[in-house]
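Letter by letter, the chains look like this.
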Amino acid sequence: MVDLGLTVSKIVMTATLTRSEKTFSLLRCKECGATYQPQAMHVCEKCFGPLEVVYNYDTIGARVTRSSIEAGPYSIWRYRDFLPVETENYIDVGTGMTPLVKATRLAKRLGLKRLYIKNDAVNMPTLSFKDRVVSVALSRARELGFTTVACASTGNLANSTAAIAAHAGLDCCVFIPADLEAGKILGTVVYAPKVFAVHGNYDQVNRLCSEVANTYGWGFVNINLRPYYSEGSKTLGFEVVEQLGWELPDRIVAPLASGSLFTKIYKGFQEFIKVGLVEEKPVRFSGAQAEGCSPIAQAFKEGRDFIAPVKPKTIAKSIAIGNPADGIYALEVARQTGGEIESVTDAEIVEAIKLLAETEGIFTETAGGTTVAVLKKLVEAGRIAPEETTVVYITGNGLKTQEAVQGYVGEPFQIEAKLDSFVRAYERSQTLDRLEWQPALV
Ligand SMILES: *Cc1c(COP(=O)(O)O)cnc(C)c1O
Ligand SMILES: [Zn+2]
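Note that the structure is a prediction, hence the values are computed from the model and not measured.

Trainee: If you had to explain the coordination of the zinc ion (ligand 2) to someone new, which residues and values would you point to?
Mentor: Within the first shell, the zinc ion (ligand 2) binds the protein through Cys 29 (SG), Cys 32 (SG), Cys 44 (SG) and Cys 47 (SG), at distances of 2.3 Å. Geometry at the zinc ion (ligand 2) is tetrahedral, judged from its four donor atoms and the angles of 98 to 118 degrees they form at the metal. The class for Cys 29 is buried, based on a relative accessible area of 4%.

Trainee: A description of the pattern of salt bridges should follow, citing residues and the corresponding values.
Mentor: Using the criterion set out here, one finds 28 salt bridges in the structure. Between Arg 251 and Glu 388 there is a salt bridge; the shortest N-O distance is 2.8 Å. Here Arg 251 is found in strand E10 (residues 251–255), whereas its partner Glu 388 is found in the loop between helix H15 (366–380) and strand E13 (389–394), with 137 residues between them in sequence.

Trainee: Go over the sheet that holds strand E3 (residues 51–55) with me, naming the residues and quoting the values.
Mentor: As summarised here, the arrangement of the three strands in space is E2-E1-E3, forming an open sheet in which the pairing is antiparallel. At either margin of the open sheet sits one strand with a lone partner, and together these are strand E2 (35–36) and E3. Sheet topology note: the strand E1 (residues 24–29)/E2 ladder contains two bridges and is antiparallel. Paired with Arg 28 across the bridge in E2 is Thr 35.

Trainee: Give me the lowdown on helix H5 (residues 130–143), citing residues and values where you can.
Mentor: The terminal C-alpha atoms of H5, which comprises 14 residues, lie 20 Å apart, in line with the 20 Å expected from a rise of 1.5 Å per residue. Across the 14 residues that make up H5, a large majority, 12, are buried. For H5, the full list of buried residues reads Lys 130, Asp 131, Arg 132, Val 133, Val 134, Ser 135, Val 136, Ala 137, Leu 138, Ser 139, Arg 140 and Ala 141. Check the buried side of H5 and you find it contacts E1, strand E5 (114–119), strand E6 (148–152), helix H6 (156–168), helix H9 (226–231) and helix H10 (234–243). At the C-terminal side of H5, Gly 145 shows a positive phi close to 90 degrees.

Trainee: Describe the sheet that holds strand E8 (residues 194–198), naming the residues involved and giving the relevant values.
Mentor: Across a sheet, strands are paired by hydrogen bonds formed along the backbone, either parallel or antiparallel in direction. Spatially, E8-E7-E6-E9 is the arrangement adopted by the four strands of the open sheet, whose pairing is parallel. The open sheet has two edge strands, E8 and strand E9 (219–220), and neither has a second partner. Across the sheet, helix H8 (residues 202–216) is in contact with E6, strand E7 (171–177), E8 and E9; its angle to E7 comes to roughly 150 degrees.

Trainee: Before we move on, could you go through unusual backbone geometry and cite the residues and values that matter?
Mentor: Met 124 connects to Pro 125 through a cis peptide bond whose omega is 5 degrees. Residue position: Pro 125 is located in the loop between E5 and H5. Phi at Trp 246 takes a positive value of approximately 60 degrees, unusual for a residue other than glycine. Mapping Trp 246 onto the fold places it in the loop between H10 and E10. For Trp 246, a relative accessible area of 9% corresponds to the buried category.

Trainee: So what's going on with the site of ligand 1? Which residues, and what values?
Mentor: Not every one of the 15 residues close to ligand 1 is listed here, only the nearest: Lys 130, Asn 156, Ser 258, Leu 261 and Thr 395. A distance of 2.9 Å separates an oxygen atom of ligand 1 from a polar side-chain atom of Asn 156. Contact distances for ligand 1 include 3.0 Å between an oxygen atom and a backbone N or O atom of Gly 259. Surface burial for ligand 1 is 97%, taken as the share of its 390 Å² of free accessible area covered by protein chains. Here the shell around ligand 1 is composed, by residue class, of seven nonpolar, six polar and two charged.

Analysis parameters
- Residues numbered from 1 in each chain as written.
- Chains lettered and ligands numbered in written order.
- Predicted model: local features only at pLDDT ≥ 70, side-chain atom pairs only at ≥ 80, totals over all residues.
- Heavy atoms only, no water.
- Donors = N, O, S within 2.8 Å, 3.2 Å for Na, K, Ca; no water.
- Tetrahedral: all angles 85-135°; square planar, octahedral: opposite > 155°, others 65-115°.
- Buried < 20%, exposed > 50% of the residue type's maximum accessible area, 1.4 Å probe, protein only.
- Salt bridge = Lys/Arg side-chain N within 4 Å of Asp/Glu carboxyl O.
- Helix = DSSP H or I, 4+ residues; strand = E, 2+ residues; numbered from the N terminus.
- Pairing = 2+ DSSP bridges.
- Expected span 1.5 Å × (residues − 1).
- Contact = heavy atoms within 4.5 Å.
- Axes fitted to C-alpha atoms, helices over the stretch in contact; angles between N-to-C directions.
- Near = heavy atom within 4 Å.
- Polar contact = N/O pair within 3.5 Å; in protein donor to acceptor, adjacent residues only side chain to side chain.
- Areas by Shrake-Rupley, 256 points an atom, 1.4 Å probe, with all protein chains shown as cover.
- Nonpolar A, V, L, I, M, F, W, Y, C, P; charged D, E, K, R; others polar.

Next up, the structure:
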């Protein structure tokens, strides 16, 4: 009620602003502050620091209200004024506005009261949060005149880039480590991009792609287009605020690969506070990594402010980046907000995938297993209070990483198409239920 007057005056002002008034006009170095024209570049020429998009928040604040957002498209593009795209010709394939699910049964199992799951396992079109960053990156790539787009991927990015490039009619080259899960590879080649399976780990793929980007001048979504790409992750912050009824949570738990997603959820919250869309309050940021690739968690534990690169060895391949580009910024966010970055074993990841499936009916991939396992670990260590409104980010779909749970889940009873065959099997299943029943299996 209090902000009603403000809302009305904002609506009046909106009418006087022209759409052509730019909400962003520069890239700026996060380290030395040097500024650049918003072209396809990602490192500072002076200090090699990463570049970030600079917005004009006065323009955005004058244009945007809660109701103007609510009246927008049912996708990430309802937050278009906070995204680095100049024209209205963005690529909208229904990405975003995934469910925020009240996780009552999982909460009860863990001893929490207000637990929510942001379910990007059902994000469109390729069932991971990467569709957000790619929708933004390819929209910008098209504006900048690229006709060939590319990526260095741990799997999900390959799926997204290939699918959305197909939709937009862009030529596409995808680079992946050769040992990815079958579902991630098939889920890329079906869109018929050129796929290069590199014999090496992600960090080697990434290094190769930096050279290819320089030589061929393609738009690599997570290399030379990275400043635009990474902004897409802010929508995971925006949506949670809107879906909580324009409020911030007390805590978020999210997975880290490069660390970009984690820092951009934070940036999304900060931007909504800055333009008056949500009331400020402290939000703790808890990050999740797999022990077999946990350079950021290790730095956090040891109190370091630099990342020591590692060689990945984990089933959580989608988040297996040994030399994370945004690691130091993720550390900063965790420390500043009173959060942490924690790691879990592959066995804990598998158990957590099953736990989420059995309690909430959500089948996530290994990255989501990592996140739920860290949530569990933090609750058990008394780091998360039961009353906290906690949002857990599930970033990918379990059907893409079936290898991870094969052999750890049940099997169907094989029966004949006859009633007595069913009856015998059903009785057997009930005996098994009784035998297997234990309190708090996980
Ligand atoms: C890429 C990815 C992440 C992490 O992304 P960063 O922004 O690099 O930290 C998390 N979950 C899934 C499923 C991913 O594919
Ligand atoms: Zn610089």
